[in-house]
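Below, each chain spelled out in residue letters.
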Amino acid sequence: YMRQRLAIPLTGVTLLLTLNSATGLAATAVTGPLVDRFGRKGAMLVSLVATSLSLVLMGVASTLLLWVVLIIINGAFSPLYRVGSDSMVADLIEPERRPGAYALLRMGNNLGVAIGPSVGGFIVSLSYLLAFSIAAGAQFAFALLILFFVAETLSRVAPGTRPAGQRRPESGYGPVLRDRTFLTFCSVYTLAGMAYSLMMVLLPVYAKENFGVPENQYGLIMATNATMVVLFQYGITRVTERYHHLPVLAIGSLFYALGVGSVALGSSFPAFLVSMVVLTIGEMIMIPTSTALTANLAPPDMRGRYMSVYGLTWGIGFGIGPVLGGFLNDNVAPVAIWYTGLVMGLVATLGFALLARERRFAAAPEPSP
């Protein structure tokens, strides 16, 4: 949509997406402490309302300057919802059940995503503005549901009830930034996310401009991704949660590599659909496992901050990956995008395999079958 609306090179479009991610990275500096101090619910509400307004305006924006402003607004407020919801799940669910809980949450999210792209592909043939307006309205309705039906889960320690001699928890990111093992995990996960982002951001442009795959067919590809999550996510997680997190993540990254790399061999809608199926298997393995691992590593009073740093992996991955892919498309060859993604996925696979040997991960308690 941005490519057609603004008539700028693909690299320019991906730089706008990078601006979105960069803004999210800056917002994360305050998101985690706010969620830990003031609660999960308020952060989720502010995020949904602000991004709903940005969606409405994106349906009418026609200048690059206005798009820059809207991208900044969207990037600044989006992390609030993700950090708030992931922290809320960690508050509610004991460690051994968290992978399954995050899997169920993803199934609910993707039930909507399964319907959205398939319907949206046909709506945009009538009007992009109508599609943006419906999306914003649905998101605002979700905010109302949270406002009236979801309770705050943040545990507060009343003044004077802290055990004698216990230090007051630090309010910033110092403890997280000193957790080198966790930061290494985040770095490897970012690389895997870069491979994933190539597929999710650049495949529609690649498929349409090089092989004439229209928007409505690509909508079906995305709907397949979401439908697989709805149908199979919980069952797959019930299997993967029996094993240590890092080997599971290594296997998921391998599926990322194969899914992204296989796009280089395709030239039609069925081929790209198969590539998405392979990528989605990796996604169902990776995301609940990585989120649960982060929740388990985080002290209870720092879950917001750990989830914020974990969320940076998506922001950085989606900020760097598509720009690199756009550069390769414009200056090397379109197919170079997918060979690069293959390498990223394989390196991430190796990284997770090496991390599995770390004492902290090897000794960490894992859920029993």
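Here is what the cut-offs are and how they apply
Residues numbered from 1 in each chain as written. Predicted model: local features only at pLDDT ≥ 70, side-chain atom pairs only at ≥ 80, totals over all residues. Heavy atoms only, no water. Helix = DSSP H or I, 4+ residues; strand = E, 2+ residues; numbered from the N terminus. Rg over C-alpha atoms; globule rule 2.2 N^0.38 Å. Buried < 20%, exposed > 50% of the residue type's maximum accessible area, 1.4 Å probe, protein only. Contact = heavy atoms within 4.5 Å. Axes fitted to C-alpha atoms, helices over the stretch in contact; angles between N-to-C directions. Parallel < 35°, antiparallel > 145°, perpendicular 65-115°, else oblique. Left-handed = near helix turned anticlockwise from the far one by under 90°. Nonpolar A, V, L, I, M, F, W, Y, C, P; charged D, E, K, R; others polar. Salt bridge = Lys/Arg side-chain N within 4 Å of Asp/Glu carboxyl O. Patch = residues over 30% accessible without salt bridge, like charges linked within 9 Å, V, L, I, M, F, W, Y side chains within 5 Å. Areas by Shrake-Rupley, 256 points an atom, 1.4 Å probe, with all protein chains shown as cover. Phe/Tyr/Trp six-rings, centres within 6.5 Å; stacked < 30°, edge-to-face > 60°. Polar contact = N/O pair within 3.5 Å; in protein donor to acceptor, adjacent residues only side chain to side chain. pLDDT = per-residue confidence, 0-100. Core = buried A, V, L, I, M, F, W, Y, C linked by side-chain atoms within 4.5 Å.

> What is the right way to look at the overall build of the protein in this model?
Along the protein, the regular secondary structure elements total 14 helices and zero strands. Beginning at the N terminus, the succession of helices and strands in the protein can be written as α-α-α-α-α-α-α-α-α-α-α-α-α-α. Relative to the 2.2 N^0.38 estimate, which gives 21 Å for 369 residues, the radius of gyration of the protein is 20 Å and therefore close to what a compact globule would have. Projected onto its principal axes, the C-alpha positions of the protein cover 65 × 40 × 35 Å. When each of the 369 residues of the protein is scored for burial, the buried share is 49%. Residue pairs at least 24 apart in sequence account for 85% of intrachain contacts in the protein once pairs closer than 6 positions are excluded.

> Explain the side chain of Ser47 to me, please; I cannot follow it from the model alone.
Here Ser47 lies in helix H3 (residues 40–58). Owing to a relative accessible area of 2%, Ser47 belongs among the buried residues under this scheme.

> When you look at the packing of helix H8 (residues 180–211) against helix H10 (residues 245–262) in this model, what are you seeing that I'm missing?
The description of two packed helices rests on the angle between their axes and on the distance between the axes. Contact geometry for H8 and H10: axes closest at 9 Å, N-to-C directions at 25 degrees. Judged on the interaxial angle alone, H10 and H8 are roughly parallel. Between H8 and H10 the crossing geometry is left-handed. Between H8 and H10, the contacting residues are Phe185, Ala192, Ala195, Tyr196 and Met199 on the first element and Leu249, Ser253, Tyr256, Gly259 and Val260 on the second. Residues of the contact of H8 with H10, tallied by class, amount to eight nonpolar, two polar and no charged.

> Got a minute to help me understand the pattern of salt bridges in this structure?
Side-chain pairs of opposite charge can arise whenever the charged atoms involved come near each other. Using the criterion set out here, one finds eight salt bridges in the structure. A salt bridge links Asp36 to Arg40, with the nearest nitrogen and oxygen atoms 3.3 Å apart. A salt bridge links Asp91 to Arg303; the shortest N-O distance between them is 3.2 Å. Remark: Arg303 occurs in helix H12 (residues 303–331) and Asp91 occurs in helix H4 (residues 64–92); sequence separation between them is 212 residues. Look at the salt bridges and you will find they share partners, linking Asp36, Arg40, Asp91, Arg303 and Arg305 into a network.

> Can you help me understand a nonpolar patch on the surface in this one?
Judged by side-chain polarity, Val49, Leu53, Phe140, Phe142, Leu144, Leu145, Leu147, Phe148 and Phe149 come together as a nonpolar surface patch covering roughly 910 Å² of accessible area. Among the secondary structure elements, those contributing two or more residues to the nonpolar patch are H3 and helix H6 (128–149). With seven residues, H6 is the largest single contributor of residues to the nonpolar patch. A relative accessible area of 40% places Leu147 in the partly exposed class.

> Help me understand the packing of H8 against helix H9 (residues 215–240), please; the structure alone is not making it clear to me.
Between H8 and H9, the least distance of the axes is 10 Å, while the angle of their chain directions is 150 degrees. One finds that H8 runs roughly antiparallel with respect to H9. Here H8 runs over H9; the crossing is right-handed. Side by side, H8 and H9 meet where Met199, Met200, Leu203, Pro204 and Lys208 of the first sit next to Glu215, Tyr218, Met222 and Asn225 of the second.

> What is the right way to look at the packing of aromatic side chains in this model?
Two numbers describe a pair of aromatic rings. These are the distance of the centres and the angle of the planes. Inspection of the entire model under this criterion finds 18 aromatic pairs. Look at Tyr1 and Tyr128: their rings are 4.5 Å apart centre to centre, the planes differ by 45 degrees, and that puts the pair in the tilted class. Remark: Tyr128 occurs in helix H6 and Tyr1 occurs in the segment before helix H1 (2–6); sequence separation between them is 127 residues. Residue Tyr1 is classed as partly exposed on the basis of its relative accessible area, which comes to 22%.

> Explain the side chain of Ser308 to me, please; I cannot follow it from the model alone.
Relative to the elements of secondary structure, Ser308 occurs in helix H12. Assessed through its relative accessible area of 0%, Ser308 is described here as buried. Polar contacts involving the side chain of Ser308 include one to the main-chain amide nitrogen of Gly32, which spans 3.0 Å. With residues up to four places along the chain from it excluded, the contact list for Ser308 reads Thr28, Thr31, Gly32, Val83 and Tyr173.

> For this particular structure, what's the right way to read the confidence of the model for the protein?
A low pLDDT score tells you not to read the predicted coordinates there in detail. In the predicted model, the protein carries a mean pLDDT of 85, and 92% of its residues have values of at least 70. A low-confidence stretch, residues 157–167 (pLDDT under 50), is modelled with four contacts involving residues beyond four sequence positions or located in other chains. Throughout residues 363–369 the model reports pLDDT below 50, and contacts reaching past four residues in sequence, or to other chains, amount to eight contacts.

> Looking at this structure, I do not really get the nonpolar core. What am I missing?
Generally speaking, nonpolar side chains in soluble globular proteins are found buried as a group. Judged by nonpolar contacts, the single largest core of 63 residues is most densely connected at Phe182, Phe185, Leu203, Met276, Trp338 and Phe352. In this structure, Leu6, Leu16, Leu55 and Ala136 belong to the second largest nonpolar core, which totals 13 residues.

> Quick question: what am I supposed to make of the environment of Leu246 here?
Along the polypeptide, Leu246 turns up in helix H10. Between the alpha carbons of Leu246 and Val347 there is a distance of 14 Å; along the sequence they are 101 residues apart.

> Help me understand the environment of Gly39 in this model?
With respect to the helices and strands, Gly39 occurs in the loop between helix H2 (10–38) and H3. Accessibility expressed as a relative area gives 3% for Gly39, which makes it buried.

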